[in-house]
Amino acid sequence: MPHLDPEQLSLLALYDGWEDPGVREHLAACPECAADFAALRRTVDAVKTAPDTSRLAVPGPQVWAGIHRELGLSGSVREDPLAADAAKGNSAGPAAAPADAPPSNVIPVRRRTKGAWWQRPGTWVAAAAAAVLVVVGAVLTLTRPPQPQQLASAQLAPLAQHSAAGSAKVVTAPDGSRNLEISLDKDEAKGYQEVWLIAPDLSRLVSLGVMNSTSGTFQVPTGLDLSQYPVVDVSDEPMDGNPAHSSVSIARGTLSS
Ligand SMILES: [Zn+2]
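Definitions and cut-offs
- Within each chain, residue numbers correspond to sequence positions counted from 1 in written order.
- Totals for whole chains, interfaces and linings use all residues, but because this is a predicted model, local features are given only for residues with pLDDT of at least 70 and pairs of side-chain atoms are given and counted only at 80 or more.
- Note: side-chain values were computed over all heavy atoms of the structure, leaving out hydrogens and water.
- Segments assigned H or I by DSSP are reported as helices when at least four residues long, segments assigned E as strands when at least two residues long, and all are numbered from the N terminus.
- Each residue gets one of three labels from its accessible area relative to the maximum for its type: buried under 20%, exposed over 50%, partly exposed in between, using a 1.4 Å probe on protein chains only.
- Pairs of residues are marked as contacts when any of their non-hydrogen atoms sit within 4.5 Å.
- Note that accessible areas follow from Shrake-Rupley with a 1.4 Å probe, and for residues the cover is restricted to the protein chains shown.
- Charged residues are defined here as Lys and Arg on the positive side and Asp and Glu on the negative side; His and the ends of the chain fall outside this count.
- Put simply, a salt bridge is a Lys or Arg side-chain nitrogen that is within 4 Å of an Asp or Glu carboxyl oxygen.
- We call two N or O atoms a polar contact when they sit within 3.5 Å, provided that within protein one can donate a hydrogen and the other can accept it, with sequence-adjacent residues counted only if both atoms are side-chain atoms.
- Coordinating donors are taken to be N, O and S atoms lying within 2.8 Å of the metal, or within 3.2 Å when the metal is Na, K or Ca; because water is excluded from the atom set, some sites may appear incomplete.
- Angular criteria define each label, namely tetrahedral for four donors with all angles between 85 and 135 degrees, square planar for four and octahedral for six donors with opposite donors over 155 degrees apart and remaining angles between 65 and 115, and irregular for whatever fails these tests.
- Pairs were defined over the aromatic rings of Phe, Tyr and Trp, the Trp ring being its six-membered one, requiring ring centres within 6.5 Å. Orientation was assigned from the angle between planes: stacked under 30 degrees, edge-to-face over 60, tilted for the rest.
- In this scheme, the term charge over a ring applies when either NZ of a lysine or CZ of an arginine sits within 6 Å of the ring centre and within 35 degrees of the ring normal.
- Interaxial angle, 0 to 180 degrees, is taken between N-to-C directions of lines fitted to C-alpha atoms, where a helix line uses only the stretch in contact.
- Here the angle decides the label: under 35 degrees means roughly parallel, over 145 means roughly antiparallel, 65 to 115 means roughly perpendicular, and every other value means oblique.
- Under the scheme applied here, ten amino acids are nonpolar (Ala, Val, Leu, Ile, Met, Phe, Trp, Tyr, Cys and Pro), four are charged (Asp, Glu, Lys and Arg), and all others, including Gly, are polar.
- Here the nonpolar core consists of buried residues drawn from Ala, Val, Leu, Ile, Met, Phe, Trp, Tyr and Cys, with membership extended through side-chain atoms lying within 4.5 Å.
- Paired strands are those between which DSSP finds at least two bridges.

A. A look at the overall build of the chain. Within the chain, the regular secondary structure consists of seven helices and eight strands. When burial is assessed residue by residue, the chain has 32% of its 257 residues classed as buried. Put simply, of all contacts in the chain between residues at least 6 apart along the chain, 55% involve residues at least 24 apart. Surface exposure of the chain reaches about 15,400 Å², of which carbon and sulfur atoms provide 57%.

B. Structural context of the side chain of Asp236. When you line up the elements, Asp236 lands in strand 7 (residues 231-237). Of the buried charged residues, Asp236 lacks a salt bridge, with Lys190 as the closest side chain of opposite charge at 4.8 Å. A polar contact of 2.9 Å, which involves the side chain of Asp236, links it to the backbone nitrogen of Gly191.

C. Main features of the coordination of the zinc ion. Protein coordination at the zinc ion: the donors are His3 (ND1), His26 (NE2), Cys30 (SG) and Cys33 (SG), at 2.0 to 2.4 Å from the metal. One can describe the site at the zinc ion as tetrahedral: its four donor atoms subtend angles covering 97 to 128° at the metal. One chain supplies every donor for the zinc ion, spaced along it as H-x22-H-x3-C-x2-C. Neither His26 nor Cys30 differs from the other in exposure class; each is buried.

D. A look at the packing of aromatic side chains. In this structure the tally under the stated criterion is zero aromatic pairs. Above the ring of Tyr229, the side-chain terminus of Arg204 is found at 5.3 Å from the ring centroid.

E. Here's a closer look at the packing of helix 1 (residues 6-14) against helix 2 (residues 21-29). Interhelical geometry of helix 1 versus helix 2 gives an angle of 90° and a closest axis separation of 11 Å. Considering their axes alone, helix 1 and helix 2 lie roughly perpendicular with respect to each other. Together, Gln8, Leu9 and Leu12 of helix 1 and Val23, Arg24 and Leu27 of helix 2 make up the contact between the two elements. Per-class residue counts for the contact of helix 1 with helix 2 are four nonpolar, one polar and one charged.

F. Inspection of the pattern of salt bridges at higher detail. Scanning the entire structure with this criterion turns up two salt bridges. The salt bridge involving Arg252 is made with Asp233; its shortest N-O contact spans 2.8 Å. Of the two residues, Arg252 is situated in strand 8 (residues 249-254) and Asp233 in strand 7; the sequence distance between them amounts to 19 residues. What makes Arg252 partly exposed here is its relative accessible area of 25%.

G. Looking closely at the nonpolar core. If you look at the biggest cluster of nonpolar residues, it comprises 25 residues, and the most contacted ones within it are Leu180, Ile182, Val195, Leu197, Val232 and Leu255. Of all the secondary-structure elements, those providing two or more residues to this core are strand 1 (149-158), strand 2 (166-172), strand 3 (178-184), strand 4 (192-198), strand 5 (205-211), strand 7 and strand 8. Those residues in contact with Val195, other than ones at most four positions away along the chain, are Leu180, Ile182, Val206, Ser207, Leu208, Gly209, Met211, Phe218, Asp233 and Val234. One finds Leu4, Cys33, Ala128 and Val132 within the second-largest nonpolar core, a separate group that totals 16 residues.

H. Spatial organisation of the sheet that holds strand 3. What the eight strands build is an open sheet, ordered 5-4-7-8-1-2-3-6; its pairing is antiparallel. Since the sheet does not close on itself, it has two edges, and those belong to strand 5 and strand 6 (215-219), each with one partner. Taken pair by pair, the neighbouring strands of this sheet meet at an average axis angle of 20°, ignoring direction. Both strand 3 and strand 6 contribute to a ladder of five bridges, which runs antiparallel.

I. Expanded view of helix 4 (residues 61-71). For helix 4, every residue scored as buried is listed here: Trp64, Gly66 and His68. Just downstream of helix 4 lies Gly72, where phi reads positive at about 60°.

J. Structural context of unusual backbone geometry. The residue Ala160 is not glycine, and still its phi comes out positive at about 45°. Mapped onto the fold, Ala160 is located in the loop between strand 1 and strand 2. Exposure remark for Ala160: the relative accessible area of 73% places this residue in the exposed category. Of note, Leu202 is a non-glycine position whose phi angle comes to about 65°, a positive value. Position of Leu202 relative to the elements: it lies in the loop between strand 4 and strand 5.

In structure tokens, the structure reads:
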């Protein structure tokens, strides 16, 4: 099984009762995913804790500005939701609005009962989910190597009396090296298949190696300018000990990015 994806980790971290035996099994066996999960749980626990706003010190507006920016929230909630409450709290005190307040407090009580958006319970779950996604992204960015990046690709079409076709792509590995990945729908070589990068006018060519099956991955020489050798060629080489191209090509295509 591959590592758990961010969505699975988020669901596990957000919902204690989330049952997915395969996922739980992987989590128990994989230290890497377990570490990610533990980091997420700490975040969820921190955010999920029901806020007792009467006892909390009100954070300055820069805190909300940071949250707003980090989560990419819309402009409609740009204003610090605690700013108005802090002003209210200074004049009336945190206990100013109990549910059974006398009639003189009717208007404040209604406001309180309805609650600002950040006081409604669902909002905290959503905020927890959003925070988890941000943390998942950060954790995975820090702990997982970057995925291979595709630099160029080519469709490989059959030549002359052949019918094998397929594709080729050049991908960058995390260490910056480049690999040519080739896949054909059949192996038509009478001898063996050899993979080449060739100049557009076919005057210069670089052998990348032997391909014994219908697919293979080949290192591209460091420093080789692919724009000078954009033609991907799979040849049929006889077992004659001659290292040159046999001039019998099975399939060919030109890389483009
Ligand atoms: Zn894992």
